[in-house]
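Letter by letter, the chains look like this.
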Amino acid sequence: IDTMLCWVGVFGTLAVLPISSGFTLTNLNVGIFFFVGISSLVGIGIFLGGYSSNSKWSMLGGMRGASQIISYEIPVVITLLSVVLLSGSLNFGGLVAAQGGLPHQWYIFHNPFTFIGFFLFFTATLAETNRAPFDLPEAESELVSGYHTEYTGMRFAFFALAEYIEVFVVSGVAVAAFLGGYNVPYRIGGDGIIGQVLQAGIFFAKTFALYYLVIVVRWTYPRLRVD
């Protein structure tokens, strides 16, 4: 059930990710609230994963994971609410529509507070997804392997897959909230098939660029230690 909670929490957030103006699995009016709420299930899954292992190292890793996710949800929500106030919409589509296709029309360059807010959001999502330098829940040098010490095979693969998909999701949310989302400069292609393909291409290019940045941070910075 712990791996399933992680899966539900991650795959549920994919439903509101705005890939193009005509392709969003579920176009909710409260998409931001849905994203914040359903992603919280990952923290419960991580804690249960450590608790059910009957190992003190796993238990410590699960407690670290739960406390870290709960703590860093606060700056994530506050920075998202800042762009919600600017756009006047809790819908991801409305959030993207309030921006443009050129960099000076993105919310990251709207004012100094949203500029700082983007980096705050990005740092907090690194901690939310347990990525380095915030991978304290799975600290190999302190806790053997953290909350998934006792997991092997497909169960371990499910935890890893949920983590990497969550990185993609939060990168997509950062793109939609701060980097103009799927907007194409000068609305090239319109809303037709060509336009939809261009919008999806723009969205995935920005998202994978942020994903690459997450990987570079993982390669570059050492992990923080509790002591």
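Residues numbered from 1 in each chain as written. Predicted model: local features only at pLDDT ≥ 70, side-chain atom pairs only at ≥ 80, totals over all residues. Heavy atoms only, no water.

1. Structural notes on unusual backbone geometry
With the exception of glycine, most residues fall at negative phi, and the peptide bonds are largely trans.
Working step 1: For Asn130, which is not a glycine, the phi torsion comes out positive at approximately 60°.
Working step 2: Phi angles above zero are rare outside glycine, and Arg187 is one such case at about 50°.
Working step 3: Here Arg187 is to be found in the loop between helix 8 (153-178) and helix 9 (193-220). (Helix = DSSP H or I, 4+ residues; strand = E, 2+ residues; numbered from the N terminus.)

2. So, the packing of aromatic side chains
Working step 1: Tallied over the full model, the rule gives 14 aromatic pairs.
Working step 2: Note on Trp7 and Phe11: the rings are 5.0 Å apart at their centroids and 45° apart in plane angle, and the pair reads as tilted. Of the two residues, Trp7 and Phe11 are both situated in helix 1 (residues 2-13); the distance of 4 residues between them amounts to about one turn of the helix.
Working step 3: What makes Trp7 partly exposed here is its relative accessible area of 24%.
Working step 4: Note on Phe11: relative accessible area 36%, which makes it partly exposed.
Working step 5: Ring geometry for Phe203 against Phe204: centres 5.7 Å apart, planes inclined by 75°, an arrangement best described as edge-to-face.
Working step 6: What makes Phe204 partly exposed here is its relative accessible area of 29%.
Working step 7: Counting every residue linked through ring pairs, the aromatic cluster contains Phe109, Phe115, Phe118, Phe119, Phe121, Phe122 and Phe178. (Phe/Tyr/Trp six-rings, centres within 6.5 Å; stacked < 30°, edge-to-face > 60°. Buried < 20%, exposed > 50% of the residue type's maximum accessible area, 1.4 Å probe, protein only.)

3. Considering the side chain of Glu128
Working step 1: Relative to the assigned elements, Glu128 resides in helix 6 (residues 112-128).
Working step 2: An unpaired buried charge is present at Glu128: no salt bridge exists, and Arg131, the closest side chain of opposite charge, is 13 Å distant.
Working step 3: Engagement of the side chain of Glu128 in a polar contact is seen with the backbone nitrogen of Glu73, the distance being 3.3 Å.
Working step 4: With residues up to four places along the chain from it excluded, the contact list for Glu128 reads Ile69, Tyr72, Glu73, Val76 and Glu166. (Lys, Arg positive; Asp, Glu negative; His and termini not counted. Salt bridge = Lys/Arg side-chain N within 4 Å of Asp/Glu carboxyl O. Polar contact = N/O pair within 3.5 Å; in protein donor to acceptor, adjacent residues only side chain to side chain. Contact = heavy atoms within 4.5 Å.)

4. Overview of the environment of Ser53
Working step 1: For Ser53, the position within the fold is in the loop between helix 3 (41-51) and helix 4 (56-87).
Working step 2: The contact partners of Ser53, leaving out residues within four places of it in the chain, are Ser58, Tyr147, Glu150 and Tyr151.

5. Topic: the nonpolar core
Working step 1: Phe35, Leu80, Phe92, Val173, Phe178 and Leu179 are the most contacted members of the largest nonpolar core, which has 51 residues in total.
Working step 2: Put simply, the parts of the chain that give this core at least two residues each are helix 1, helix 2 (31-39), helix 3, helix 4, helix 5 (92-97), helix 6, helix 8 and helix 9.
Working step 3: Among the elements that make up this core, the one with the highest residue count is helix 8 (13 residues).
Working step 4: Each residue touching Leu80, except ones within four places of it in the same chain, is listed here: Ile32, Phe35, Val36, Phe121, Val173 and Ala177. (Core = buried A, V, L, I, M, F, W, Y, C linked by side-chain atoms within 4.5 Å.)

6. Let's talk about the pattern of salt bridges
Two side chains carrying opposite charge are able to pair once their charged atoms lie near each other.
Working step 1: For the structure shown, the criterion picks out 1 salt bridge.
Working step 2: Residue Arg131 is joined to Glu163 by a salt bridge in which the shortest nitrogen-to-oxygen separation is 3.0 Å. Remark: Glu163 occurs in helix 8 and Arg131 occurs in the loop between helix 6 and helix 7 (140-143); sequence separation between them is 32 residues.
Working step 3: Taking the relative accessible area as the measure of exposure, Arg131 reaches 7% and is therefore buried.

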